[in-house]
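This is what each chain is made of:
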Amino acid sequence: MRPTDACPCGSGDPYGGCCGPLHHGERHAETAERLMRSRFSAYAVGDLEYVWRTWHPRSRPDALTPDASLEWTALEVLDVVAGGAGDETGEVEFRAHYLQDRRSGTLHERSRFVVRARQWFYVDGTLFE
């Protein structure tokens, strides 16, 4: 992805000024929603290392395996509870749209986030059908 391309998170900003600096370790997400958006973008651009680094150590898997048949296409943020500056926890409900083997699908989740060492981490989520 080029820095001038639209960021996959749906912010409307260019990737190089939005999620790109987070993925490259130049800064950290300021809010739970920002972290969730940057994690979606990381999935969309194939940066599973960022996804793994921002997953809380107590709940993250040992490794993440890429799926070449999966393309993340759009993100809708539906609800945000806490997760701002000064908060220790937050929740973000979203729909992540994808294509897999030419079929469209949607992942609907309410994700939980926590601050650890002044940095937001994804803990886990509840999937909706």
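Every residue gets a number counted from 1 within its own chain, in the order that chain's sequence is written. Per-residue local features of the predicted model are confined to residues with pLDDT of at least 70, and side-chain atom pairs are confined, for both listing and counting, to 80 or more; whole-chain, interface and lining totals are unaffected and use all residues. The side-chain figures draw on all heavy atoms in the structure; neither hydrogens nor water molecules are used.

### Brief notes about the overall build of the protein chain
By definition, any uninterrupted DSSP run of H or I lasting at least four residues is a helix, any uninterrupted run of E lasting at least two residues is a strand, and each is numbered from the N terminus. Looking only at helices and strands, one finds three helices and four strands in the protein chain. Walking the protein chain from its N terminus toward its C terminus, one meets helices and strands in the order α-α-α-β-β-β-β. Expected size for 129 residues packed as a compact globule is a radius of gyration near 14 Å; at 14 Å, the protein chain falls within 12% of this value. In terms of overall dimensions, the protein chain has a C-alpha envelope of 40 × 35 × 30 Å along the principal axes. Counting over 129 residues, the protein chain shows a buried share of 36%. Any two residues having at least one pair of non-hydrogen atoms within 4.5 Å are treated as being in contact. In the protein chain, the share of contacts with a sequence separation of at least 24, taken over all contacts with a separation of at least 6, comes to 40%. For accessible areas, the Shrake-Rupley method is used with a probe of radius 1.4 Å. Any residue's cover is judged against the shown protein chains and nothing else. In the structure as shown, the protein chain presents an accessible area of about 7,500 Å², 47% of it carried by carbon and sulfur atoms. Positive: Lys, Arg. Negative: Asp, Glu. His and the chain ends are not part of the count. Charge coordinates come from a single atom per side chain, which is NZ of Lys, CZ of Arg, CG of Asp or CD of Glu. A distance of 2 Å separates the average location of the 15 positive side-chain charges in the protein chain from that of its 20 negative side-chain charges. The atom set for the radius of gyration is the C-alpha atoms, and the globule formula is 2.2 Å times the number of residues raised to the power 0.38. Buried means the residue's accessible area, taken with a 1.4 Å probe over protein chains only, is under 20% of the maximum for its type, while exposed means over 50%, and partly exposed covers the values in between.

### What about the layout of surface pockets?
Of the pockets and cavities examined, the largest pocket occupies roughly 500 Å³. Residue lining of the largest pocket: 23 residues in total, with Arg39, Tyr43, Leu48, Leu70 and Trp72 positioned closest to the centre. Looking at the lining of the largest pocket, the elements with two or more residues in it are α2 (32-45), β1 (70-82), β2 (89-100) and β3 (103-116). Top element by residues in the lining of the largest pocket is α2. It accounts for five residues. Under the grouping applied here, Gly and all other residues not named as nonpolar or charged are polar, the nonpolar ones being Ala, Val, Leu, Ile, Met, Phe, Trp, Tyr, Cys and Pro and the charged ones Asp, Glu, Lys and Arg. Grouping the amino acids of the lining of the largest pocket by side-chain chemistry returns 16 nonpolar, three polar and four charged. Cavities and pockets are found on a 1 Å grid laid over the protein atoms alone: a cavity is a set of points where a 1.4 Å probe fits but cannot escape, a pocket is an open set with protein on both sides within 12 Å along at least five of seven lines, and a lining residue has an atom within 4 Å of such a point. Grid points are joined across faces, edges and corners, and a volume is the space filled by probe spheres set on the points.

### Some details on α2
Here the expected length of a helix is defined as 1.5 Å per residue gap, with one fewer gap than residues. Taking 1.5 Å as the rise per residue, α2 with 14 residues should run 20 Å; its terminal C-alpha atoms sit 20 Å apart, in good agreement. The element α2 is largely enclosed, with a buried count of 10 among its 14 residues. Inspection of α2 places Ala32, Arg34, Leu35, Met36, Arg37, Ser38, Arg39, Phe40, Ser41 and Ala42 among the buried residues, and these make up the whole buried set. Elements that come into contact with the buried residues of α2 comprise α1 (20-23), α3 (48-53), β1, β2, β3 and β4 (119-128). Backbone geometry just after α2 places Gly46 at a positive phi near 80°.

### Section: the UniProt feature "domain: YchJ-like middle NTF2-like" (unreviewed entry) in the protein chain
UniProt positions are given in the numbering used here, feature names are shortened, and annotations may be inferred rather than shown by experiment. The sites that carry the UniProt feature "domain: YchJ-like middle NTF2-like" (unreviewed entry) are, in the present numbering, residues 31-125. Secondary structure content for residues 31-125 is 21% helix and 48% strand, and the end C-alpha separation is 17 Å.

### Examining the side chain of Thr54
By the element assignment, Thr54 lies in the loop between α3 and β1. Since its relative accessible area comes to 3%, Thr54 is described here as buried. Polar contacts, as used here, are pairs of N or O atoms within 3.5 Å; protein pairs need one atom able to donate a hydrogen and one able to accept it. Residues neighboring in sequence count only if both atoms are side-chain atoms. A distance of 2.9 Å separates polar atoms of two side chains, one belonging to Thr54 and the other to Arg39. Here Val51 takes part through its backbone oxygen, which lies 3.2 Å from a polar atom of the side chain of Thr54.

### Notes on the sheet that holds β2
Spatially, four strands are ordered β1-β2-β3-β4 in an open sheet, and the strand pairing comes out antiparallel. Taken across any chain shown, the strands that pair with only one partner, and hence form the sheet edges, are β1 and β4. Each neighbouring strand pair of the sheet contributes to a mean axis angle of 30°, computed without reference to strand direction. Contacting β1, β2, β3 and β4, α2 runs over the sheet at an angle of about 175° to β1. Being paired, for any two strands, means DSSP has found at least two bridges between them. Lines fitted to C-alpha atoms define the axes, with helix axes restricted to the stretch in contact, and inter-axis angles between N-to-C directions lie between 0 and 180 degrees.

### So, the pairing of β2
With 11 bridges joining them, β1 and β2 adopt antiparallel strand pairing. The residue of β2 that forms the bridge with Glu76 is Arg95. Pairing analysis gives 12 bridges linking β2 to β3, with the strands arranged antiparallel. If you follow Arg95 over to β3, its bridge partner there is His108. Linking β2 to β3, which pair antiparallel, is a turn of two residues; within it Asp101 sits at a positive phi near 50°.

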